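Tertiary structure, described
Spelled out, the chains give:
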Amino acid sequence: MHTYLDELNQPQKEAVGHLNGPLMIVAGAGSGKTKVLTTRIAHLMANGVDSFNILALTFTNKAAAEMKERVEKILGNTEARNLYIGTFHSVFARILRAEANKIGYPSNFTIYDTDDAKSVVKTVIKELDLDDKHYKPNVVYNRISSAKNDLISSAEYINDWAIQQEDARANRPQLGAIYDAYAKRCFKNGAMDFDDLLFKMYLLLKNNPESLSKYQRKFKYVMIDEYQDTNKAQYEIVKLLGAMHENICVVGDDAQSIYSFRGATIENILQFQKDYDEVKVVKLEQNYRSTKSILSVANEIISNNKNQIEKNLFTDNEQGEKIKLVRTMTDNDEGKNVADTIQEQKLRNHYFNKDFAILYRTNAQSRSFEEALRRMGIAYRIYGGMSFYQRKEVKDMIAYLRVVVNPQDEEALKRIINYPARGIGKTTLDKAVLLANENNLNLWQIFCNAVMYGFKSGTLESIDNFVTMIKMFQSELPKKNAYDIAILVGKSTSLVKELFNDKTTEGLARYENVQELLNSIKEFVDDPIIQGVINEDGVIIDSIGIEDESKINELVNSPAQLTSASLGAYLQQIVLLTDADDNKGEIDVVKLMTIHAAKGLEFPVVFVGGMEETLFPNAMAINTREELEEERRLFYVAITRAKHKLWLTYANARYRFGQLQQNDSSRFLEEIPEDFVDKSYAGGGVKNTGNSWGSGTQQMQRGFGGGGNTWANKNTASEAEKRYGAPPKTTPSYVAPKAPPKLIEHEPAADFIASDTSNLQEGQKVEHQKFGFGEVIKMEGAAHNPIATVQFELNGEKKIMLNYAKLRII
DNA sequence: TACAGTGCTTTTTTT
DNA sequence: AAGCACTGTA
């Protein structure tokens, strides 16, 4: 019969089999949580629950996609399409569009990402005549964000005595005023930030009984993934949605709660059991992912936390190797060491690039790993950090599209009003903004009626041309899909042409990025998923808004109405997309990401870099026990990503803010029992052994020790040395062989012409037909036979004889 | 109006 | 180191 049930262990079966009533699954790392969730959905449907009545909420798009795919596989039919599976933010965005009128928003509202939101905060601070040195936009934004996650409106914020006291003590009494102005501005712009998607969803359900009842009836079964990471807003929404049927299933692991900075609280797990009369609790304690060695270390680490739900995570997997500890001199050496080790492991144990992950606490740490991997010719990909959609040229293009869909969107409008330059400069913009504020209109309305406001005739003409152009785009909205409009915009604004004409390396990259954006729009358009109904503005109104079946049939019969290929739909999904969600990922590359981004993932071989005090645990997060325990959970998450092998690495000193900074090894390393760890590499890595030791207390200077990697200062033994004994004086047993780096072939532009290199200087940027782009780092050789040493971006250092090679100077 | 140069701040994690 | 804001010049 239901063969899928046979694949489960006893507790898993219990969880899947509990169909009605509240259910809490405490799922340890690697215990088959996703399998249980997906099987449970399938089981619900096998027992007659309509797929339209199931809602599953996750934190990442990737998790949602995976869940959907796996349910589909189990079911073997297309019923899974009707399931409502998505992230909190994307599901609520869809619902809010359909219900926008109930909360006074346009259904084509824009979603502001963090950059947009901070920019609005900054604007508002300036308009209130406050000093943005004192009211730092970053800090203010975080404060507003926390308030929203705690469901505190600006009015409540201002009237809350305790909050006011707190702000007064911090000498920031105007925070409430800023919050209020910010909220009003977003509303005026027809925009919501990420937190609004939760906050407004809560308000919608709270204040509109019909809406609440509608969604309660629709979502008879609700499932929440990563419940330990929910904040108050999410908690209250779930509680409201589930109140009618109480068929709520939450899955979480308190040991993996790492998002308290976003308002998440473990309290939600504890509270869950009190909210309902009979909560079934199932613990999944068998780990199917890691070796015994790795899991023991993880268990040991987490046992140092006081606050936790008791559980006993075990595995039947093999013992595996001890985890390895590596100490290097600098962050650059750390990078080299990891790259060397990857190369070694590939050769010795036949791993592929894709089997490796390098994890770190902060995004800035990716640099040294990146450089080392590039030098070795190992393909890699960085997830997170500066995402594709944050690049200037991409944001510019998207800003145009945003204005077309929602001209109230002032952030986008400001961005493009004079780009490419069209004679509407700062003076004009300032005046328009002032007029908008005085007349309580938005910027777009000022421009549309510019003639009323006494702009100079030249300026007026520029404004009119701009307005006419945008209106022309808008008139195409109902007729054209997202891609066709994007192409039209690119052409009419000559934005693409401008980038194309910029032949510098950076210009080339920018042009390519815009092309990539256009490709992604095309892809989106070519794969129209029927997911909703579109209103006259081209914005998705969700099918959920239609209760009457005949109406749905009517709409299904007019497919144009139902495609999601509109520009509005495209914009909605990209802003909620993380680049970790990008699934082009099955190519053979080493993956680099923060530990946060790695949650929910697993890799055969894992490196955790930067195991140093101030970095991990991070200096910003050691002020309270709670903070420190969260850092420890983060370490726990890092460890439990590994299936077979785990390396922990740290550097004696690393560059931070342009200065070489010395750090002690992480306190977490002391918590690993001696027997579980192989420390034979904790002595400076492949290159640094045999040198004098001691991390010293003297200020490290740049170019220390003359020889690059030599430590000249001898002082007291370092913390690590005291703990782990003196580092080995001999060469390690195995030095990774340097495979000849593979050449990454460069495709020169069709118009590649070699330059006259007789006067080539150090520091100049060049292009080589085969090796690609690089920088001249050294000139040598006789005058009649000059030799340039060039550091190529993709192919490392090469000596080029200028008499023979063809180089183009950039 | 636009760009180049200078000086100043940054110091976590993300939907 | 790097990005940003501000200032001065063409």
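Everything below is about the structure shown above.
Residues numbered from 1 in each chain as written. Chains lettered and ligands numbered in written order. Predicted model: local features only at pLDDT ≥ 70, side-chain atom pairs only at ≥ 80, totals over all residues. Heavy atoms only, no water.

The helix and strand inventory of chain A stands at 33 helices and 25 strands. Of the contacts formed within chain A by residues at least 6 apart in sequence, a portion of 74% connects residues at least 24 apart. Element-wise, carbon and sulfur atoms account for 50% of the exposed surface of chain A, whose accessible area totals about 36300 Å². (Helix = DSSP H or I, 4+ residues; strand = E, 2+ residues; numbered from the N terminus. Contact = heavy atoms within 4.5 Å. Areas by Shrake-Rupley, 256 points an atom, 1.4 Å probe, with all protein chains shown as cover.)

Okay, the side chain of serine 154 next. Inspection of the secondary structure assignment puts serine 154 in helix α8 (residues 154-159). On the basis of relative accessibility, which here comes to 10%, the residue serine 154 falls in the buried class. Within the local environment of serine 154, its side chain forms a polar contact with the side chain of aspartate 180, the two groups lying 2.7 Å apart. Beyond its immediate stretch of four places on either side in the chain, serine 154 contacts Tyr179 and Asp180. (Buried < 20%, exposed > 50% of the residue type's maximum accessible area, 1.4 Å probe, protein only. Polar contact = N/O pair within 3.5 Å; in protein donor to acceptor, adjacent residues only side chain to side chain.)

Looking now at the environment of histidine 596. Along the chain, histidine 596 falls in helix α29 (residues 595-598). On the basis of relative accessible area, histidine 596 is assigned to the buried category, the value being 15%. Linking histidine 596 and phenylalanine 261, residues 335 residues apart in sequence, is a C-alpha distance of 12 Å. Discounting residues that sit within four places of it in the chain, histidine 596 has contacts with Ile258, Tyr259, Phe261, Arg361 and Leu634. Looking at histidine 596, its side chain comes within polar contact range of the main-chain oxygen of isoleucine 258, at 3.1 Å.

A word on the pattern of salt bridges. Under the defined criterion, the tally for this structure stands at 45 salt bridges. Salt-bridge contacts for glutamate 602 lead to lysine 643; the nearest nitrogen and oxygen are separated by 3.5 Å. Taken together, the positions of glutamate 602 in the loop between α29 and β17 (603-608) and lysine 643 in strand β18 (residues 642-656) put the pair 41 residues apart, joining distant regions of the chain. Linked through salt bridges whose partners overlap, the residues forming this network are Asp113, Asp115, Asp116, Lys395, Arg402 and Asp409. (Salt bridge = Lys/Arg side-chain N within 4 Å of Asp/Glu carboxyl O.)

Within the structure, DNA strand B sits among 22 residues, and Lys136, Arg361, Asn363, Gly425 and Phe657 are positioned closest to it. Backbone sugar and phosphate groups make up 51% of those atoms of DNA strand B lying within 4 Å of the protein. One of the backbone N or O atoms of glycine 425 is found 3.3 Å from a phosphate oxygen in DNA strand B. Contact between DNA strand B and threonine 594: a phosphate oxygen at 2.9 Å from a side-chain N or O atom of the residue. (Near = heavy atom within 4 Å.)

With that out of the way, let us pick up the environment of threonine 640. Topologically, threonine 640 is positioned in the loop between α30 (625-639) and β18. Along the chain, threonine 640 and phenylalanine 59 lie 581 residues apart, while their C-alpha atoms are 19 Å from each other. Other than its neighbours up to four places away in sequence, threonine 640 contacts Ala29, Arg289, Ser290 and Ala298. Reaching out from threonine 640, the side chain makes a polar contact with the backbone oxygen of valine 637 at a distance of 3.1 Å.

A few words on helix α6 (residues 114-127). With 14 residues, α6 extends 20 Å between its outermost C-alpha atoms, agreeing within 8% with the 20 Å of an ideal straight helix rising 1.5 Å per residue. Taken together, the buried positions of α6 are Asp116, Ala117, Val120, Val121, Thr123, Val124 and Ile125. Residue aspartate 113 occupies the N-cap position of α6, its side-chain oxygen lying 3.1 Å from the main-chain nitrogen of aspartate 115. Aspartate 129 sits one or two positions beyond α6 and adopts a positive phi of about 65°. (Expected span 1.5 Å × (residues − 1).)

Between α6 and helix α7 (residues 137-149), the least distance of the axes is 9 Å, while the angle of their chain directions is 110°. As far as their axial angle goes, α7 and α6 are roughly perpendicular. Of the residues in α7, those touching α6 at Thr114, Ala117, Lys118, Val121, Lys122 and Ile125 are Pro137, Asn138, Val140, Tyr141 and Ile144. (Axes fitted to C-alpha atoms, helices over the stretch in contact; angles between N-to-C directions. Parallel < 35°, antiparallel > 145°, perpendicular 65-115°, else oblique.)

Among the secondary structure elements, aspartate 254 is positioned in the loop between β7 (248-252) and α14 (267-275). For aspartate 254, a relative accessible area of 3% puts it in the buried group. At 2.8 Å, the side chain of aspartate 254 forms a polar contact with the backbone nitrogen of isoleucine 309. Side chain to side chain, aspartate 254 and lysine 311 meet in a polar contact 2.9 Å long. With residues near it in sequence (within four places) discarded, aspartate 254 still touches Gln228, Ile266, Ile269, Asn307, Gln308, Ile309, Lys311 and Arg633.

Next up on the list: unusual backbone geometry. With glycine set apart, most residues show a phi of negative sign, and most peptide bonds adopt trans. Here the bond from tyrosine 419 into proline 420 is cis, since omega is -5°, no more than 30 degrees from zero. Residue proline 617 follows phenylalanine 616 across a cis peptide bond; omega there is 10°. Structurally, proline 617 can be placed in the loop between β17 and α30. Even without being a glycine, aspartate 129 presents a positive backbone phi close to 65°. Note on placement: aspartate 129 falls in the loop between α6 and α7. The class of aspartate 129 is exposed, set by a relative accessible area of 71%. Positioned with a positive phi, asparagine 171 is a non-glycine residue whose angle comes to about 60°. With respect to the secondary-structure elements, asparagine 171 resides in the loop between α9 (161-169) and α10 (175-188).

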